[in-house]
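# Summary of the model geometry
Now for the letters of each chain:
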Amino acid sequence: MAIVTVGKKACSVNPLKMSQPIGGAFAFMGLRGSMPLLHGSQGCTSFGLTLFVRHFKEAVPLQTTAMSEVATVLGGYENVEQAILNIYNRTKPEIIGICSTGVTETKGDDVEGYIRLIRQKHPQLATFPLVYVPTPDFKDAFQDGWEKTVARMVEVLVETPKTAARRDPKQVNVLPGCHLTPGDIDEIRTIIEDFGLEPSFLPDLAGSLDGHIPEEFVPTTIGGIGVEEVATMGLASWTIAIGAQMRRAAEAMEKKTGTPFKLFERLCGLLPNDEFLVFLSEISGRPVPLKYRRQRGQLADAMLDAHFHIGGRKLAIGAEPDLLFDLSSMLQEMGAKVTAAVTTTQSPVLERIKTEEVLIGDLEDLENLAKDRGCDLLIAHSHGRQAAERLKIPFYRAGFPMFDRLGAGHQLSVGYRGTRDLIFDIANLIIADHEDNRQPTPDTWRIEGAGAPGEGVAASLH
Amino acid sequence: MSSLSATIQDVFNEPGCGKNANKSEAERKKGCTKQLQPGGAAGGCAFDGAKIALQPLTDVAHLVHGPIACEGNSWDNRGAKSSGSNIWRTGFTTDINETDVVFGGEKRLYKAVKEIIEKYDPPAVFVYQTCVPAMIGDDINAVCKAASQKFGKPVIPVNSPGFVGPKNLGNKLAGEALLEHVIGTQEPDFTTPYDLNIIGEYNLSGELWQVKPLLDELGIRIFSCISGDGKYREVAYSHRARAAMMVCSKAMINVARKMEERYGIPFFEGSFYGIEDTSDSLREIARLLIERGAPDELMARTEAVIVREEAKAWATIEPYKPRFAGKKVLLITGGVKSWSVVAALQEAGLELVGTSVKKSTKEDKERIKELMGQDAHMIDDMTPREMYKMLKDAKADIMLSGGKSQFVALKAAMPWLDINQERSHAYMGYVGMVKLVSEIDKALFNPVWEQLRRPAPWENAGKNWQAKAIAQMDAEAAELAADPEAAEKARRARKICHCKTVDLGTIEDAIAAHALTTRDGVKQHTNASGGCGACAGRIEDILAALPATAMPAVPVLQAAE
């Protein structure tokens, strides 16, 4: 329905987009005992590290090959070797995940080749899990980095089941997109387990970045899915992929192990969750538990209560494709009008967003569109705060990074319960804004009526 | 790239740099290119440093030429404050793509400058070079020159690709860009004998405004601040100031020194952290201005303000002192803060068990020794586990550090306070000191600690992280006590010189083998004290103690010092 256009500016102003390698590193943070390693100069890593720490308020493992100018020109073999050895010896990880950056891609470092050489030279690394993903900064965006990395994890770490191996009907794989928070993952896990199924999440950011006091201080990731569990994912009866970005990994899984997959492009909203629970009921052979029947009723009631406030809102939303699709679809179903939509990278879901145009651009574009089209609700990650301030419209923070509020890791948008809470949050934001800033006075009536007769009425009908 | 490497060499030859002054001619040529170990902890890069140093110039458009990582991952991440324009908070980047990497990004850069000038019309555009365009050979100097001429507006190249070195080098390269392209290019409307430059102050959380009222009261004009709450024009005419105060010498010493050289603006290094330091700085400002022609009566007025403000601050801090009796602080920060905050905390009656000197200069370290005594716990670089041991071993009650190490303290249920750039409170001047003290009080006495230190009722108390770490450390100590050989080994492994990584054993052996009696002798044979020189005192202590008996055993944990 929507036409996808790509911005033509030479200068990106107030970027919405973040780079691909840190999306990849983020995926590696969902593995247990993992150390993500960016092959690039120090800043590539340190910016990402700061970003993650500000968002999650957790210690974040992330390492760099610390490429100097000379090493960059001559090639980074030695830096990769040294980095792997240092991490292997010092932090005793269970896996090292390597992402390239713009610097090393421009030079054209053959990291796969380096890894083969390193394995030959150091027999202790011969079978040690090293996963490499090429992720140049000058291409694609955060979500693409995650997408490629999870697909690569499947290709490298999942074992092809032996022909005799019997599939475990209880075991299901879940491949969550990067738009889901650790809180979302916990919620999905609970729902799946309530059907008597045993889910394995790849990657599993819950337990890794969900806020916790660790038993021991460890320099690698804590929690997350273990490498040996990933290896057995081929024995699952189903793979559930969440978000269009996960199609690639789901297909890789099917190709390698024969496990069929079902893709849920979104899990926010009434109908997507109906579909999800019916599917779980079918594959588990169990009825939908009473708990979810009640939650469905609560969501339906929340929708009734909130549609007065959300209905008719002209929404400006800036987010990565899957999150954009997810949230804008739900709000559109609540009666909001998706009036300005900006995203970071190409995706098949963009065309299906119920709006006229989706722009691959930046927050300046979003701000201008929102201003021109009179939007009265803005959704973006924390960097959208400046635009919302200038536009003087209510601002809901969603996505990564969310550095100026607490609880980013636990924000919920999935399941009946998550959707219900999200709807309340957004509706309350609108109500508060209305009370604080939109109370009519004799003067406001006069000014609005004087300018263009009928405009006020037309706007409220949208 | 030749002019960039020349600039870098020039920065390395900085005569005002304490580290440099200690090096031989040959070593100095090598510069400070000591690269971080691959797979070791990650600090920022030169681009990061340049951006940090210049971004607080508030009315300038800061355009990052590079792939999305450099700006998209990092913009709007610092809390400098502006009294006027907000354009510095806008993220501008060329966000170069694959095509640019193949065919070059100069055209895109030029167009980007054009777009910015058309849309935002800033007084100047700063263009930051990053790794990828540097590799493909984009000549930002040429593009900036062309754009400058075409649009009739300063377009300043900041040549600081990340891979040329660490953050600190980037700070200095930023300074060089100002020296080369900005400072001295405009003239002020008028000057007064009270015109002061402040260099290396970034107005984080609006800190500068805690001091500005005092300067205003004295009639001293902040002529130009490089770069906190700075405006392009002010920097451009900053060469007409009478005197300068250097706040963070680690970052911008080259700017202060070269401005003294070129324009005869004398500078001093001072701090507005802590009551006495603030007073000293005010006095020094008055002295320098009088020296350059301000009336003598300025000093008397300054003293009067100092007396009044000190009395007020002391009176406010007084009630905290009994609460702080016996409370200990571990300070993990760097540079100028490693001593300026020490003074501040001591004034409040807190005891310091250690301070980090990771980014400190020789002068910084000398000051720490002055404040904390010869055997001050100066911590160079620590792993998180070591930090925790340090917290435990020194029985510190609170840790003050930057955001990245906060979790070491917090997860150990230890009070922690952010004193680095991401902090949300301002700690400068007399009022800032009072604020710091009240924040420490809030953190120390928060009832939350008591609850958090309790294990869950169903958990074995001996199994949590703290208990395990304590048990592990006790076991190590017991092992050493039981095994004199291991104890001796641990004693000898104690690091004496951190810069050159020389341990006690090596020094003792050298003394014995060559019958050394002087510190220079030790330096010749072991290279100890060949770096920052902070360990000179410790070596002299070793020399003094040795002939009589062997050194007393040192607990192994102190090795973390």
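Notes on the structure in this doc start here. Bear in mind the structure is a predicted one, so any value in this text is a computation, not a measurement.

## Regarding the side chain of A:Thr135
Residues and elements named next belong to chain A. Secondary-structure assignment places Thr 135 in the loop between strand S6 (130-133) and helix H7 (142-157). Overall, the relative accessible area of 0% leaves Thr 135 in the buried class. Engagement of the side chain of Thr 135 in a polar contact is seen with the backbone oxygen of Ser 100, the distance being 2.8 Å. When near neighbours in sequence (up to four residues on either side) are disregarded, Thr 135 contacts Gln 20, Pro 21, Cys 99, Ser 100, Thr 101, Glu 105 and Gly 145.

## Some remarks on the interface of chain A and chain B
When the parts come together, some accessible area is lost, and that loss is often what is quoted as the size of the interface. Listed as interface residues are 59 residues of chain A and, on the opposing side, 64 residues of chain B. Interface area for chain A against chain B, summed over the two sides, is near 5400 Å², with a carbon-plus-sulfur share of 58%. For the pair chain A and chain B, the number of links is three salt bridges. With its nearest N and O atoms 2.9 Å apart, the salt bridge here joins A:Glu364 to B:Lys119. Connecting chain A to chain B are 18 residue pairs in polar contact (both at pLDDT 80 or more). Taken together, the elements giving at least two residues each to the side of chain A that touches chain B come down to strand S2 (12-13), helix H2 (42-56), strand S4 (63-64), helix H3 (69-74), helix H4 (77-91), helix H5 (102-107), helix H14 (363-372) and helix H15 (385-391) of chain A.

## What to know about the sheet that holds strand S3 (residues 125-129) of chain B
Strand pairs in the sheet, formed through backbone hydrogen bonds, run parallel or antiparallel to each other. Spatially, S2(A)-S2(B)-S1(B)-S3(B)-S4(B) is the arrangement adopted by the five strands of the open sheet, whose pairing is mixed. With one partner strand each, in any of the chains shown, S2 of chain A together with strand S4 (155-158) of chain B form the two edges of the open sheet. Both strand S1 (residues 61-65) of chain B and strand S2 (residues 92-93) of chain B contribute to a ladder of two bridges, which runs parallel. Directly across from B:Val64, in S2(B), lies its bridge partner B:Thr93. The sheet strands contacting helix H7 (residues 106-120) of chain B are S2 of chain A together with S1, S2, S3 and S4 of chain B, and the helix crosses S1(B) at an angle near 160 degrees.

## So, the side chain of B:Asp195
All names here are of chain B. Checked against the element boundaries, Asp 195 lands in strand S5 (residues 195-201). Among the residues examined, Asp 195 registers a relative accessible area of 0% and is labelled buried. A distance of 2.7 Å separates polar atoms of two side chains, one belonging to Asp 195 and the other to Thr 192. In contact with Asp 195, other than residues within four places in its own chain, are Arg 221, Phe 223, Ala 241, Arg 242, Ala 243 and Leu 289.

Conventions and cut-offs
- Residues numbered from 1 in each chain as written.
- Chains lettered and ligands numbered in written order.
- Predicted model: local features only at pLDDT ≥ 70, side-chain atom pairs only at ≥ 80, totals over all residues.
- Heavy atoms only, no water.
- Helix = DSSP H or I, 4+ residues; strand = E, 2+ residues; numbered from the N terminus.
- Buried < 20%, exposed > 50% of the residue type's maximum accessible area, 1.4 Å probe, protein only.
- Polar contact = N/O pair within 3.5 Å; in protein donor to acceptor, adjacent residues only side chain to side chain.
- Contact = heavy atoms within 4.5 Å.
- Buried area = accessible area lost by both parts, 1.4 Å probe.
- Salt bridge = Lys/Arg side-chain N within 4 Å of Asp/Glu carboxyl O.
- Pairing = 2+ DSSP bridges.
- Axes fitted to C-alpha atoms, helices over the stretch in contact; angles between N-to-C directions.

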